[in-house]
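Remarks on the overall topology
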Amino acid sequence: MGNRGIPRNRTQITLIRLLITVMLVTLLLPVLPAGAVETLISQGKTATASSNQTGNVPANGNDGDLGTRWTAVNATYPQWWKVDLGASYDLTRVAVNWYLSGTRYFKYILEVSADDVTYSTVVDKSGNTTTGDTNDLFTATARYVRVTISGASTGWASFYDLQVYGEPTSGGDTTPPSAITNLAVGTTTSSSVQLTWTAPGDDGGTGTAASYDIRYSTSTITAGNWSSATAVTGEPTPAAAGTSQSMTVTGLSPSTTYYFAMKTNDEVPNTSALSNVPSGTTSSSGPVAQKLVLTQSMLLNEIAHENAGTLIDEQTVAGDPMNGTGGVPTTGWYLFGKKYGDEHPGESWWLPASAYLDLGQEYHITKVYFYDTNGSATNAFTVSTGTPFNWTPAFTDNLVGNNLWKNKDVNTDTRYLRFTFVNAGAIVREVVVYGYPIGTPDTPPTPTPHTKPVMEDLMGMNAFHDDPLSVQEVLKVVREYHNWDWETAATAYPSDTNNFAPSNIPGVNFDTFYTDMKNAGMTVSPAQKAKPAWLVSTDYNTPMTVPNGLSAIVPASYAARADHLFQFAARYGGTSVADGKLKLTAGQPRVSGLNLIDYIEDWNEPNGDWGARKAYWTPYEYAAMLSADYDGHVGTMGNTFGIKTADPSMKVVMGGLAGYRFDYLRAMEAWSKYNRSDGSFPADVLNFHMYCQNTAKTKGISPEDCNLKGMTKELVDYRDTYMPGKEVWVSEFGYDTHPSSPQGAPVIGTKTNVEVQADWLVRSYLALAASGIDRAMMYMLRDVDADNGKYSTSGLVGPKNDWTPKLSWYYVYTMRNTLTGNRYLGELSSGNPNVKVYKFKSATDNSGVYAVWAPTSNGTTVSGYSLPLSTSATSATLVTMAGGDTDGVSSGLTISSHAVTVNVSETPIFVKVNYMQ
């Protein structure tokens, strides 16, 4: 074997191993430049980008919230995002939390600049093919930092947060001038506006600043769109602090409303925050048609299929075709492609397809330009004016051109423009509109605050009437699948009668079922779906009374269903109904007003566009049925139609829409505004189904990776602004436990699919609570089957007649018990990207609960994390979830310096305290 040398003693070996360990750890730690200070300097500073999706704005990229993100408008490259630090800094590193970094990589370069003109590259990762978040070290002195993304493994440019670290440039002035707060509009002419303001100082409100930057726009100016506003030239030199100053902005268009804002620079330059933003309207003097600014929020997709927004998503690329500088757009509203594979080889059944623009005020439209991309599509494209549901065609085009701009004269006063396609081969890649305003812009509504629910009212599940109460007790809110034909007799409407006690299901008495549920403290929302055998429809999978000769967007077509839901609400609602209005089979107890349920959901997933036309309701069709079922279409159908007609206090739940279908909701709202006499929306609850799945649709992903909180919060914000008082539900979400399911929870490290399902369900409830919704119902209580089919093994327990609790049953039970009586209060900044902390506060006293977890999906743990508490907290208890335990495992925590120490993993833990603020 040869001479192996002289053996070392044990102490020598131990010292050598220790030295090697220290060297390896040192090599793995980020090495900062000499003298650098770890100070985050970019959070909340002004950010801009080359483009952004609606809602995923540049400011999300440095707001410190990993639940929001910046995203480029589409998957084209390059895309850039930059931050103005407001002053010169000695920079040390940039860290980026990339979107879906566990499965995607991004190619990028980092550049810095002192003046936002000349940039220098400090990090070049344009060849990167490694997934994961990044942390790039460098040394530079600059005010602006820009990341340019040149490509990605898949999808679009996007990140949750970009953090720039450094310290103020040594010896430099770091105090910016104060923001101007009294910028005002004075005298206006047809081409000019006078501005007045009070000069700030060089440092805050003292001294004399160096220069002004004044800008204007035809839409309100914010920190996020400041860079795209038009810069004024010839600004006056700042006077001493407190001096009144003015200037006249010229070169403006007649009869146009302009918004103005300004910033002030000192000699460094340090830049002030944005001023107030006044507006002024120039006077009329021979109006000149201009290219109108079109935004995605103006466009309403009337069929809610594919992305009609692609008709106006490339306005910059489109250029100014009327003046000879039209560009070449690349996206369009493609209505002929297959969306879900082989179910329908062609999609002509979507047609005619329409979308319309709401310009927000009256305009005189002179011309419409459109980019024709097809060589032969006769009479395929029509543009109409007027008002929704009362259109007048302005022109129809054959679309026989090939990749060229075409135009038509309109010369009409209108607020609305409608685009209709009747041929599946028609392709218009972009629309550009010319005209000038003649009306007054709408005033945006002010959001209305909405009270958050206590957690036992928010946390719910999907279940069936034959699930045992002993299993259902895990949660107190139940969405019960309920078929119409379970109670209707075989005789067709209008001679139909109903069987409730007993029902048409052998051995099932729904009076008894709902009574037992209420006595157990359960809130049940029946999801009324399906249709009886006697109601046959040849063209639609919709319960129309007479399918031949009636329109699917006329509420009276749904008289049979509105009649049945009146009967259901009359029986189980809280209002007694005259016996003569009851339609009951002989032998049924003739009772009403049993006061057993408070909600009824009308249908399930009406937007089922994964099948043929019979599986899909257009938004207008479903809105028409909902209007009939809500209150008999505002009482016009008679006094025995609709849920509210039977019980005005009953809440009507919109049938859960499959996916984040904001376009479908907006189209339903439009139908209601123009077709119901009071303009109201015929539902008390806005309802959605949201499953987190990877882009390949092969596996479930965590609620954080699919931005479940952010997507749902957009719906909540819309409700608060435009539909105050409505509830928002996510009535389906969840994960399978079968390892081969395309919606299955994956194995992560040593955790099984079952354990990850339990973690992710709890984290989903946390995300949905933080979004501000009213109810979240996981799918579902029991497994539907034991196979690997999608949604087959999403249960908290095994299949019917098994009922064996999974780990998730205990986790969810513990979460509900721990958070009962508490409302979501807000997120606590953890100071660690691998730790997320949510606060829940009691609705009746000052106690509360912290939920703490690692929002990752790679087995991350953080040992010895110091959780800061309120200074008034004097007791703290740790609750950990465990199998076999419905209350969790509790242990006392020692409070030291107003904090407790806990170990954090991807399984949430709860810290109960006697005081929360």
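Anything mentioned here points back to the structure above.
To keep things clear, this report deals only with the structure shown in the data block. Small disclaimer: the values here were computed from a predicted structure and weren't measured. (Residues numbered from 1 in each chain as written. Predicted model: local features only at pLDDT ≥ 70, side-chain atom pairs only at ≥ 80, totals over all residues. Heavy atoms only, no water.)

For the protein, the helix and strand inventory stands at 12 helices and 41 strands. Scaling as 2.2 N^0.38, a compact globule of 917 residues should have a C-alpha radius of gyration of about 29 Å, and the protein matches this with 31 Å. Taking all 917 residues of the protein together, the buried fraction comes to 53%. Surface exposure of the protein reaches about 36400 Å², of which carbon and sulfur atoms provide 51%. Taking the average place of the 62 positive charges on the side chains of the protein and the average place of its 83 negative ones, the gap between the two points comes to 3 Å. (Helix = DSSP H or I, 4+ residues; strand = E, 2+ residues; numbered from the N terminus. Rg over C-alpha atoms; globule rule 2.2 N^0.38 Å. Buried < 20%, exposed > 50% of the residue type's maximum accessible area, 1.4 Å probe, protein only. Areas by Shrake-Rupley, 256 points an atom, 1.4 Å probe, with all protein chains shown as cover. Lys, Arg positive; Asp, Glu negative; His and termini not counted. Charge placed at Lys NZ, Arg CZ, Asp CG, Glu CD.)

This part is about the pairing of strand 27 (residues 599-604). Of all six residues in strand 27, six are buried; the element is thus mostly enclosed. Sheet topology note: the strand 26 (residues 523-529)/strand 27 ladder contains two bridges and is parallel. Residue pairing in the sheet places Gln528 in a bridge with Asp602 of strand 27. The pairing of strand 27 with strand 28 (residues 651-658) spans five bridges and is classified as parallel. (Pairing = 2+ DSSP bridges.)

Running from N to C, helix 9 (residues 662-675) and helix 10 (residues 708-722) cross one another at 20 degrees; their axes reach a closest spacing of 12 Å. Relative to helix 10, the element helix 9 lies roughly parallel. Relative to helix 10, the crossing made by helix 9 is right-handed. Facing helix 9, whose interface residues are Phe662, Leu665, Arg666 and Glu669, helix 10 presents Leu715, Tyr718 and Tyr722. Taken together, the residues of the contact of helix 9 with helix 10 sort by class into five nonpolar, no polar and two charged. (Axes fitted to C-alpha atoms, helices over the stretch in contact; angles between N-to-C directions. Parallel < 35°, antiparallel > 145°, perpendicular 65-115°, else oblique. Left-handed = near helix turned anticlockwise from the far one by under 90°. Contact = heavy atoms within 4.5 Å. Nonpolar A, V, L, I, M, F, W, Y, C, P; charged D, E, K, R; others polar.)

Now for the side chain of Gln472. Among the secondary structure elements, Gln472 is positioned in helix 4 (residues 469-472). For Gln472, a relative accessible area of 1% puts it in the buried group. A distance of 2.8 Å separates a polar side-chain atom of Gln472 from the backbone oxygen of Asp467. Ignoring any residue separated from it by four or fewer positions in sequence, one finds Gln472 in contact with Met461, Ala463, Phe464, Asp467, Val478, Met517, Met522 and Leu781. (Polar contact = N/O pair within 3.5 Å; in protein donor to acceptor, adjacent residues only side chain to side chain.)

As a further point, take the pairing of strand 35 (residues 836-842). Counting buried positions over the seven residues of strand 35 gives six, a clear majority of the element. Alignment of strand 34 (residues 822-828) against strand 35, held across six bridges, turns out to be antiparallel. The residue bridging Gly826 from the neighbouring strand is Lys839, located in strand 35. By the bridge criterion, six bridges tie strand 35 to strand 36 (residues 848-853) in an arrangement that is antiparallel. Note that in strand 36 the partner of Lys841 across the bridge is Gly848. Taken together, strand 35 and the strand that follows it, strand 36, pair antiparallel across an intervening segment of five residues.

This brings us to the nonpolar core. Soluble globular proteins tend to pack their nonpolar side chains together in the buried interior. Formed by 156 residues in total, the largest nonpolar core has its most connected members in Leu357, Phe381, Met654 and Tyr765. When residues in this core are grouped by element, the largest group, 11 residues, is from helix 11 (residues 753-771). If we ignore the near neighbours within four places in the chain, the residues touching Leu357 are Leu294, Met298, Leu299, Ile312, Arg415, Tyr416, Leu417, Phe419 and Val433. Within the second largest apolar cluster, 29 residues are counted, among which are Trp98, Val123, Ala140 and Ile149. (Core = buried A, V, L, I, M, F, W, Y, C linked by side-chain atoms within 4.5 Å.)

To continue, consider the packing of aromatic side chains. Under the counting rule described, the total for this entry stands at 50 aromatic pairs. Where Tyr824 meets Phe840, the ring centres are 5.6 Å apart and the plane angle is 75 degrees; that geometry is what we call edge-to-face. A residue pair is termed long-range when its members are at least 10 positions apart, and Tyr824 in strand 34 and Phe840 in strand 35 qualify at 16 residues. By relative accessible area, which is 10% here, Tyr824 ends up buried. Each residue in the set Trp486, Phe500, Phe510, Phe513, Tyr514, Phe568 and Tyr572 is aromatic and connected to the rest through ring pairs, giving one cluster. (Phe/Tyr/Trp six-rings, centres within 6.5 Å; stacked < 30°, edge-to-face > 60°.)

All right, on to unusual backbone geometry then. Leave glycine aside and you will find that most residues have negative phi; peptide bonds, for their part, are mostly trans. Note the cis peptide between Tyr493 and Pro494, where omega equals 10 degrees. Mapped onto the secondary structure, Pro494 falls in the loop between strand 25 (477-483) and helix 5 (510-519). The peptide bond linking Tyr779 to Met780 adopts the cis configuration, its omega dihedral lying at -15 degrees. If you trace the backbone, Met780 turns up in the loop between strand 31 (775-778) and strand 32 (782-783). In this model, Asn411 sits at a positive phi of 50 degrees, which is unusual for a non-glycine residue. With respect to the secondary-structure elements, Asn411 resides in strand 22 (residues 404-421). Residue classification places Asn411 among the partly exposed residues on the basis of a relative accessible area of 48%. Phi is positive for Trp803, which is not a glycine, with a value near 65 degrees.

Moving on, we get to the side chain of Gln361. Structurally, Gln361 is set in strand 19 (residues 353-372). Polar side-chain contacts of Gln361 include one of 2.7 Å to the backbone oxygen of Gly439. Setting aside residues up to four positions removed in sequence, Gln361 forms contacts with Thr414, Arg415, Pro437, Gly439, Thr440 and Pro441.

Through backbone hydrogen bonds, the strands of a sheet pair up, either in parallel or in antiparallel fashion. Ordered by their spatial adjacency, three strands build an open sheet running 8-9-12, and the pairing between neighbours is antiparallel. Each end of this open sheet is capped by a strand with a single partner; those strands are strand 8 (184-188) and strand 12 (244-249). Ignoring which end each strand starts from, the neighbouring axes of this sheet average 25 degrees apart. Bridge analysis of strand 8 against strand 9 (residues 193-198) gives three bridges, and the strand direction is antiparallel. Looking at the pairing, Thr188 lines up with Val193 of strand 9.

All told, the structure shown has one disulfide when counted by the stated rule. Disulfide partner of Cys692: Cys706, at an S-S distance of 2.0 Å. Of this pair, Cys692 sits in the loop between strand 29 (685-689) and helix 10 while Cys706 is found in the loop between strand 29 and helix 10, placing the two residues 14 residues apart along the sequence. Note on Cys692: relative accessible area 3%, which makes it buried. (Disulfide = S-S within 2.5 Å.)

Spatially, 34-35-36-41-38-39 is the arrangement adopted by the six strands of the open sheet, whose pairing is antiparallel. Edge strands, defined here as strands with exactly one partner in the open sheet, are strand 34 and strand 39 (889-893). When strand polarity is set aside, the average angle formed by the axes of neighbouring strands in this sheet is 25 degrees. Sitting on the sheet, helix 11 touches strand 34, strand 35, strand 36 and strand 41 (909-913), and the angle it makes with strand 35 is about 65 degrees.

With that out of the way, let us pick up the environment of Tyr105. Among the structural elements, Tyr105 can be located in the loop between strand 3 (79-98) and strand 4 (106-113). Along the backbone, Tyr105 and Tyr735 are 630 residues apart, and their C-alpha atoms lie at a distance of 26 Å. Beyond its immediate chain neighbours, meaning those up to four positions away, Tyr105 contacts Asn128, Thr129, Thr130, Thr131, Gly151, Ala152 and Ser153.

As a further point, take helix 12 (residues 807-819). Taking 1.5 Å as the rise per residue, helix 12 with 13 residues should run 18 Å; its terminal C-alpha atoms sit 18 Å apart, in good agreement. By the criterion of burial, helix 12 is predominantly enclosed, with 12 of the 13 residues buried. What helix 12 keeps buried is the set Leu807, Ser808, Trp809, Tyr810, Tyr811, Val812, Tyr813, Thr814, Met815, Arg816, Thr818 and Leu819. In the segment just after helix 12, Gly821 is the residue with positive phi, at about 85 degrees. (Expected span 1.5 Å × (residues − 1).)

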